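Per-entry structural report
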Amino acid sequence: MDKIKIIIADDHQLFRNGLKILLNSFQDLEVVGEASNGEEFLEILGTTKADIGLMDINMPVMNGVKMVREIKKKNPQQIIIVISAHDEARYLLELINLGVEHFVLKPLDLKLFLTVIEKAVKLARISRLEEEYKHKLEATVAQRTKELSTALETVNDLTSEMVHRLSAAAELRDKDS
């Protein structure tokens, strides 16, 4: 199965590097982009498909809350994990209302972080399966619709031919009577 793709956004380069090394050490995960602020993250997400977004709240240029709002407008299904030292209730409540799946406090508890990553990976795999099923279903519906359309044309042609033959037979009968 394809690797789960992750983009990291945090204004601390050292923290991003550590996360990248940790996540890339798992054979089924791949960090496909990293950003130091929300705008950079959105630019990367615009050109690179990612299953999971890992992000801080407090960043320059565009903070994490505003970034999550923008991401969820474009893709409500995007899986987001917020990693932050901010545990203020107003941030948490807003992020929950925006659909953030997980929130992990800094400094990271590695066991908790890996549990959150595991849950997000499972969710990403389910999302991929749903998307695959949806595409297969759409293809099947399109194929069946085409087949039914062809069958309907055949029925209409045969009905028209039958009406024509019955009319001709009725005319012959009337002439013989």
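Here, the structure is the one placed above.
Now for a look at the structure at hand. (Residues numbered from 1 in each chain as written. Predicted model: local features only at pLDDT ≥ 70, side-chain atom pairs only at ≥ 80, totals over all residues. Heavy atoms only, no water.)

1. Describing the sheet that holds strand S3 (residues 52-55)
What counts is decided by this rule: Think of it this way: DSSP has to see at least two bridges between two strands before they count as a pair. A run of DSSP states H or I qualifies as a helix once it reaches four residues; a run of E qualifies as a strand once it reaches two. Both are numbered from the N-terminal end. Every axis in this analysis is a line fitted to C-alpha atoms, fitted for helices over the stretch in contact. Angles between the N-to-C directions lie between 0 and 180 degrees.
The five strands are arranged S2-S1-S3-S4-S5 in an open sheet whose pairing can be described as parallel. Looking along the sheet, the strands with just one partner apiece sit at the ends: strand S2 (29-35) and strand S5 (102-105). Adjacent strand axes in the sheet meet at a mean angle of 20 degrees when their direction is disregarded. Two elements, S3 and strand S4 (residues 79-84), share four bridges in a ladder whose sense is parallel. Residue Gly53 lies in a different strand from S4, and its bridge partner there is Ile80.

2. Thoughts on helix H3 (residues 64-74)
We count it as follows: When accessible area is computed with a 1.4 Å probe and restricted to protein chains, residues below 20% of their type maximum are described as buried, those above 50% as exposed, and intermediate ones as partly exposed. The directions from the helix axis to the C-beta atoms form the arc being described. Should any heavy atoms of two residues lie within 4.5 Å, those residues are counted as being in contact. For this analysis, a polar contact is any N or O atom pair within 3.5 Å, provided that within protein one partner can donate a hydrogen and the other can accept it, and provided that sequence-adjacent residues contribute only side-chain to side-chain pairs.
Among the residues making up H3, those that are buried are Gly64, Val65, Met67, Val68, Ile71 and Lys72. The buried residues of H3 occupy one face: seen down the axis, they fall within an arc of 155 degrees. For H3, the exposed residues set more than 90 degrees away from the buried face come down to Lys73 and Lys74. In this structure, the buried residues of H3 make contact with strand S1 (4-9), helix H2 (38-47), S3, S4 and helix H4 (89-98). In this structure Asn63 caps H3, since a side-chain oxygen of it lies 3.1 Å from the backbone nitrogen of Val65.

Purely geometric numbers; function is a separate question.
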